[in-house]
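Inside the fold
What follows is each chain in one-letter form.
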Amino acid sequence: MDARAKMMMIYLPDTMVNWPWPRAINPHFEDVKIEVDTSFRDFKALSPESQKAFDKCDFGSTNITSSQFRKWLTSFVLIARLAALAYPNASREHLRIGCELMNVYFIVDEYTDIENAAVTKEIVDIVLDALHNPHKMRPEGECILGEIVRRQFEGSVRRFWARAIQTASLPSQRHFLGSYTAYLRALVVEALDREHSHCRSIDDYLKLRRDTCGAQSAFAIYEMGMEFPDEVFCHPIIVELVQCIVELILIDNDMASYNREQATGDENHNLITAIMLELGLDRSGAMAWAARYHTEVEKRFIDGLAQVPSLGTCTDILVKYFDGIATWARANHCWSYEGQRYFGTEGPEIQQSRLVPLLSKVNYSDAPAVAKVNVADLSKIDAAVHHEQPTGGPEF
């Protein structure tokens, strides 16, 4: 491969090669996938009145149409795979709730990624209200996202809270609400950074990204049948171990998503960009730095497990909880290549070669904001991979 070809490729280090937790998938995946596909791709989930409102709604002048949103909904079956990988031992009912939670993450993330801070705050307030009041009718004229999230969240929240009230402690309910609220509030800060083209230092970025990645609230599915008093959940060693897994997830996510985000001009909220700007490294150097940091965090987590003190009846439960969230880290890495979100249909091939063609930046200055969501034409990755499959690794 010539020098120019190398410049057009991004090398993705295999960060999880030594992670002790293997890939596993929930045996209920195929059945639940059909349910999710039927439920979320069928737009009859909206009432006729809401459908009319949706069809004519301009979503903050983004010109998103119901047809466009249906394209988003087709991604939900792929989100179901993420839930199945993340919760391989969950019951069918808990897996379905995990799918519903992942779908809400997807909608909120995709929509807020193209909005300014003011609109993002409006969305966040709608989602929080829908979460706390899932049966409440949305005010006339409100952004239709509130109705969509309410209807999607209604079933999952109703079942989740009904089960939580009966089987979970009040502290565990607070843990979910607290971490999910932190995730939503952090999205507003991210939007403000995007609005001002602000790129944070590595430390400041990691502090914000631990919340915007939403991982900690996703761990709630593991805690549903467990009871952690606040003094256990907030124990410094427990908090540190949870944060280690959150960081592993965000590092892998940022490495996988960097290509898509740099193409759409949304790369400022990405660890690779923060590393490049602060340390003066090129893409390859930043990827290598992130991979080394990933290894350090892995070691902190594994060493930290040996430091967990005896916490009475919670000790055995914590073993299951940490096994679960460690599996989440593996699931996130696997889904990056299996889910088609970042690498199109060539994910498995790229996972083997570790090389991904650099997407060209897209000029969308005169295009509607929705173009940002779909502008990274992943078919270009498919074509590039098949045009020339290089061998060997990069030169750092």
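Residues numbered from 1 in each chain as written. Predicted model: local features only at pLDDT ≥ 70, side-chain atom pairs only at ≥ 80, totals over all residues. Heavy atoms only, no water.

To continue, consider the overall build of the protein. If you tally the helices and strands in the protein, you get 20 helices and two strands. Here the protein holds 396 residues, and the buried ones make up 55% of them. For the protein, the computed accessible surface area is about 17500 Å², with 53% contributed by carbon and sulfur atoms. (Helix = DSSP H or I, 4+ residues; strand = E, 2+ residues; numbered from the N terminus. Buried < 20%, exposed > 50% of the residue type's maximum accessible area, 1.4 Å probe, protein only. Areas by Shrake-Rupley, 256 points an atom, 1.4 Å probe, with all protein chains shown as cover.)

Assignment of secondary structure puts Asn270 in the loop between helix H14 (236-264) and helix H15 (271-279). In terms of polar contacts, Asn270 uses its side chain to reach the side chain of Glu261, at 2.8 Å. At a separation of 2.8 Å, a polar atom in the side chain of Asn270 contacts the main-chain amide nitrogen of Ile272. Among all residues touching Asn270, those that are not within four sequence positions of it are Tyr205, Asp254, Ser257, Tyr258 and Glu261. (Polar contact = N/O pair within 3.5 Å; in protein donor to acceptor, adjacent residues only side chain to side chain. Contact = heavy atoms within 4.5 Å.)

Counted by the stated rule, this structure contains 16 aromatic pairs. Judged by centre distance (5.3 Å) and plane angle (65°), the ring pair of Tyr87 and Tyr222 falls under edge-to-face. Taken together, the positions of Tyr87 in the loop between helix H5 (76-86) and helix H6 (92-112) and Tyr222 in helix H12 (residues 220-223) put the pair 135 residues apart, joining distant regions of the chain. Looking at Tyr87, the relative accessible area reads 1%, which means it is buried. For Tyr222, a relative accessible area of 14% gives the class buried. With 5.5 Å between their ring centres and 50° between their planes, Tyr180 and Tyr183 make a pair best called tilted. (Phe/Tyr/Trp six-rings, centres within 6.5 Å; stacked < 30°, edge-to-face > 60°.)

Where side chains of opposite charge bring their charged atoms close, a pairing between them can arise. Within this structure, the stated rule accounts for 15 salt bridges. Arg92 is the partner of Asp31 in a salt bridge, and the nearest nitrogen-oxygen pair spans 3.6 Å. Of the two residues, Asp31 sits in helix H2 (residues 29-41) while Arg92 sits in helix H6, which places them 61 residues apart along the sequence. A relative accessible area of 40% means that Asp31 is categorised as partly exposed. Each of Arg210, Glu240, Glu247 and Arg300 takes part in a single network of salt bridges with overlapping partners. (Salt bridge = Lys/Arg side-chain N within 4 Å of Asp/Glu carboxyl O.)

Although it is not a glycine, Ser197 adopts a positive phi angle of roughly 50°. Along the polypeptide, Ser197 turns up in the loop between helix H9 (170-195) and helix H10 (202-212). Phi angles above zero are rare outside glycine, and Arg354 is one such case at about 70°. When its relative accessible area of 6% is taken as the criterion, Arg354 is described as buried.

Quick look at the confidence of the model for the protein now. As a note on interpretation, predicted positions should not be read in detail where pLDDT is low. Predicted confidence across the protein gives a mean pLDDT of 78, with 70% of residues reaching 70 or more. Contacts for the low-pLDDT stretch residues 53-65, under 50 throughout, to residues beyond four places or in other chains number 31 contacts. Taken together, the stretch residues 388-396 has pLDDT below 50 and engages in 13 contacts with residues farther than four places along the chain or on a different chain. (pLDDT = per-residue confidence, 0-100.)

The end-to-end C-alpha distance of helix H7 (residues 117-132) is 22 Å, a good match for the 22 Å that 16 residues give at a rise of 1.5 Å each. N-capping of H7 is provided by Asn116, with a side-chain oxygen placed 3.2 Å from the backbone N of Ala118. (Expected span 1.5 Å × (residues − 1).)

Turning to the packing of H15 against helix H16 (residues 283-305), a few remarks are in order. The N-to-C vectors of H15 and H16 enclose an angle of 110°; their axes lie 9 Å apart at closest approach. Classified by the angle between their axes, H15 and H16 sit roughly perpendicular to one another. The way H15 lies across H16 gives a crossing that is right-handed. Across from Leu271, Ile272, Ile275, Met276 and Leu279 in H15, the residues of H16 making contact are Arg283, Ala286, Met287, Trp289 and Ala290. Across the contact of H15 with H16, the residue classes tally to nine nonpolar, no polar and one charged. (Axes fitted to C-alpha atoms, helices over the stretch in contact; angles between N-to-C directions. Parallel < 35°, antiparallel > 145°, perpendicular 65-115°, else oblique. Left-handed = near helix turned anticlockwise from the far one by under 90°. Nonpolar A, V, L, I, M, F, W, Y, C, P; charged D, E, K, R; others polar.)

Time to look at the environment of Arg283. With respect to the helices and strands, the residue Arg283 is situated in helix H16. In this structure Arg283 comes out as partly exposed when scored by relative accessible area, which is 29%. Placed ten residues apart in sequence, Arg283 and Thr273 show a C-alpha to C-alpha distance of 8.2 Å. Ignoring anything within four residues of it in the chain, the contact list for Arg283 reads Ile10, Tyr258, Gln262, Met276 and Leu358. Of note is the side chain of Arg283, whose polar atom sits 3.1 Å from the side chain of Tyr258.

The N-to-C vectors of H10 and H14 enclose an angle of 100°; their axes lie 10 Å apart at closest approach. Judged by the inter-axis angle, H10 sits roughly perpendicular to H14. For the pair H10 and H14, contact is made by Tyr205, Leu206, Arg209 and Arg210 and by Gln243, Val246, Glu247, Leu250, Asn253 and Asp254, respectively. A per-class count over the contact of H10 with H14 returns four nonpolar, two polar and four charged.

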